[in-house]
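Single-letter residue listing:
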Amino acid sequence: MSTNSELAEILRGIADLLDLQGERFKPAAYRRAAQSIDSLPDDVRQMSARGELRTIPGVGDAIAEKIREYLRDGHIPYYERLSQEVPAGVRELMRLPGVGPKTARRFLTEFGIQGPAELAAAIDAGKLEGAAGFKERKIAQLKQAVAAGTPSGVRTPLKDAWQVAEDLVRALRANAPVEQIVVAGSLRRRRETVGDLDILVTSGSAEAVFNAFSALPGVVEIRLRGPTKETVIVRGGLQVDLRVVEPASFGAALQYFTGSKEHNVAIRTRARDLGLKINEYGVVRGEERVAGVTEEEVYGAIGLRYIPPEIRENLGEIELAEKGTLPALVEPHELHGDLHVHLSPDAGPEEVDRLRQEAVELGWSFLGFVTTHPPGTLAKSALDRIEHWRQVKASGPRVLLGQEASFGAAVGAATAEYTITNLTGVSRPPTGAPTSASRPLFAGHLGVATAASAATVEGLTTWIKWAGKAHIGLEVGPRGAGDGLDSAGVRQTITAGIPIHITAGVTGPADHLRDQLIALGLARRGWATADRTLNRTLPGAA
DNA sequence: GCCGTTTTCGGCCCGACTGTTTTCAGTCG
């Protein structure tokens, strides 16, 4: 874990403990600081060294001092003091659905319950019965929550959540009377991981939509259902919120449920300062409704340009939207190909054709298959098929053959048109430029390869410097840090002036070129612009 | 604890849903 995420974790811990003590505003302050630090495109240690801690949104004198304590001593006395006052299990209680700080506190003070196991025992012994606020239904709910175990807080990787969302949207379109339908939330912001799905629809009949939704085969549990909202759990454990809104409110609702929370708080505060009020139904001045149908309208009403969902994190985007100087993020139509397409070793010619056909449908102008070096890992029939398409002067994408060489290895295949460096297993960059005669276009497998170093912000800094010296790009794929840059890494890379390659991450028959859209989302989240993207032109043609 | 083109003090986004209430607290997002 990087210093940034360790520190954010501790600040969140402080927030939980303050919550339990009944503090009103401090918990939110610590959480805001934690969130800022988590999404910081820079290493907090370096920022501290430069005296820039106070420039982090939500970090004031008190929290800055605690950060410095942590960086210097490895611990924060304030956190340790708070921790001693509350048994460790009580924080776990707070994570049970339906249990917040107030209830967890009551468990401790009224019943001496110090953790989930003790809560289960107390329920079985009937100790909660008769206590104010704990009737049959509440106790049953608690019992179920404890039995299900503390939610691990695990978030679903974007690529997996994307698939679930696509399936749900398709099923709803087919089975429910929906008009507009959009997946909002962190998936729309293209976060690397997604906690739950937020689906927004307009419809003539909310009831019919909910009935159809509840009956979908993937739905395993209905958590709650009201007139405008239903929450379910789908197979695999992902929570899905479905909301039905009026068309006149669709833009406002989309804006609101896309978040992030930090972005929305800043937006609403700005609205209030302008004498307006924003909620999920629209923007109103007094009784008069001034916006709500589209997101553009909502942002326009408070004097801002439209802000792309991927960068709504209150990390400077609002100020730029006000000045009209937001960067133009790279768009899908600006990606004309992918240079990092792998075939599995047993892939035959039909697999080459399938991928080429997908590239045709995507309107791409080039498609780069990559062999590992030495190239013996590909079946000859597949190589022959690639060669066939390379020779054909048909319409459709130009098919290329590249090679992927282990870092530092001599590259030899004369037929390869370009080279990618594979960083698997390389823990840190060498000094100096790449040694191979033919310079690689970009470095792939950065995340897997160098999990120990590149996964941390400070580790990535050294890779970015190396890429700059070597004049090569770095890669972002649909799996984020699992295979390449994550969005914070993209932002750091782009800021340093290093180009990126956006790949679909195809390695076998189950993968699709359209997954490049997922990687594109991560790139946009990292403020990537088209002029820093290697997928715009054929290699060598720039 | 943070923050400020109406403030260095006095605010702090806002609504839905649930379960327990006869008017609301707690939780959640």
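Residues numbered from 1 in each chain as written. Chains lettered and ligands numbered in written order. Predicted model: local features only at pLDDT ≥ 70, side-chain atom pairs only at ≥ 80, totals over all residues. Heavy atoms only, no water.

Would you explain the environment of Ile302 in this entry?
Within the secondary structure, Ile302 sits in the loop between helix 15 (295-301) and helix 16 (317-323). Sequence separation between Ile302 and Val426 is 124 residues; the distance between their C-alpha atoms is 49 Å. (Helix = DSSP H or I, 4+ residues; strand = E, 2+ residues; numbered from the N terminus.)

Please explain the sheet that holds strand 13 (residues 398-406) as it appears in this structure.
Strand pairing in a sheet relies on backbone hydrogen bonds. The paired strands run either parallel or antiparallel. What the seven strands build is an open sheet, ordered 11-12-13-14-15-16-17; its pairing is parallel. Looking at strand neighbours, the two that pair on one side only are strand 11 (337-341) and strand 17 (500-502), the edges of this open sheet. For this sheet the average axis-to-axis angle between neighbouring strands, irrespective of direction, equals 30°. Bridge count for strand 14 (residues 418-422) against strand 15 (residues 442-444) is three bridges, and the pairing is parallel. Bridged to Ile420 within strand 15 is Phe442. Docked against the sheet, helix 17 (residues 349-362) engages strand 11, strand 12 (366-372) and strand 13, running at close to 150° with respect to strand 12. (Pairing = 2+ DSSP bridges. Axes fitted to C-alpha atoms, helices over the stretch in contact; angles between N-to-C directions. Contact = heavy atoms within 4.5 Å.)

Before we go on, may I ask you to explain empty space enclosed by the protein in this structure?
Empty pockets left among the atoms are what a rolling probe the size of a water molecule brings to light. For the structure on display, the rule yields one cavity of 30 Å³ or more. The space that makes up the largest cavity amounts to roughly 40 Å³. Lining the largest cavity, in full, are Arg32, Gln35, Ser36, Ser39, Glu262, Glu313, Asn314 and Leu315. For the lining of the largest cavity, the element with the highest residue contribution is helix 2 (residues 26-38), accounting for three residues. When the residues that make up the lining of the largest cavity are grouped by side-chain class, the tally is one nonpolar, four polar and three charged. Each of domain 1 (3-148) and domain 3 (249-323) contributes no fewer than three residues to the lining of the largest cavity. (1 Å grid on protein atoms, 1.4 Å probe; cavity = no way out; pocket = protein on both sides within 12 Å on 5 of 7 lines; lining within 4 Å. Points joined across faces, edges and corners; volume = space filled by probe spheres on them. Nonpolar A, V, L, I, M, F, W, Y, C, P; charged D, E, K, R; others polar. Domains from an automatic or database assignment.)

What is the right way to look at helix 6 (residues 88-95) in this model?
Count 3.6 residues to each turn of an α-helix, and residues three or four apart come out pointing the same way. Buried within helix 6 we find Gly89, Val90, Arg91, Leu93 and Met94. In the core, the buried residues of helix 6 are packed alongside helix 1 (3-20), helix 5 (77-85), helix 7 (101-111) and helix 8 (116-124). (Buried < 20%, exposed > 50% of the residue type's maximum accessible area, 1.4 Å probe, protein only.)

Would you mind showing me how to read the pairing of strand 16 (residues 473-476) here?
Regular strands place side chains that alternate from one sheet face to the opposite one. Neither face of strand 16 is left uncovered, since the one carrying Gly473 and Glu475 and the one carrying Leu474 and Val476 both have all their residues buried. Read from strand 16 through helix 21 (residues 487-495) to strand 17, the crossover connection turns out right-handed. (Right-handed = clockwise from strand over helix to strand, strands pointing away.)

Could you clarify how one ought to interpret the protein's contact with DNA strand B in this entry?
In the region of DNA strand B, 41 residues are neighbours, and Gly60, Thr103, Tyr256, Arg268 and Tyr281 sit closest. At the protein interface, 76% of the atoms of DNA strand B within 4 Å belong to sugar or phosphate. Here Gly60 contributes a backbone N or O atom positioned 2.6 Å from a phosphate oxygen of DNA strand B. A distance of 3.1 Å is found between a phosphate oxygen of DNA strand B and a backbone nitrogen or oxygen belonging to Ile63. For the surface near DNA strand B, a count of residues per class yields 17 nonpolar, 10 polar and 14 charged. (Near = heavy atom within 4 Å. Polar contact = N/O pair within 3.5 Å; in protein donor to acceptor, adjacent residues only side chain to side chain.)

Sorry, what's going on with the domain arrangement of chain A here?
Domain parsing of chain A yields domain 1 (3-148), domain 2 (156-244), domain 3 (249-323) and domain 4 (332-532). Using only C-alpha atoms to locate each centre, domain 1 and domain 2 end up separated by 29 Å.

How should the pattern of salt bridges be read in this particular structure?
As a working rule, side chains carrying opposite charge can pair if their charged atoms are close by. Applying the stated criterion to the full structure yields 31 salt bridges. Here Arg170 and Asp167 are joined by a salt bridge, their closest N and O atoms 3.3 Å apart. You can see Arg170 and its partner Asp167 sitting in helix 10 (residues 158-175), three residues apart, about one turn around the helix. Given a relative accessible area of 36%, Asp167 falls into the partly exposed group. With a closest N to O distance of 3.1 Å, Glu387 and Arg390 form a salt bridge. Taken together, the positions of Glu387 and Arg390, both in helix 18 (residues 380-391) and three residues apart, correspond to about one turn of that helix. A cluster of three or more residues bridged by salt bridges with shared partners is formed by Asp16, Asp19, Arg31 and Arg91. (Salt bridge = Lys/Arg side-chain N within 4 Å of Asp/Glu carboxyl O.)

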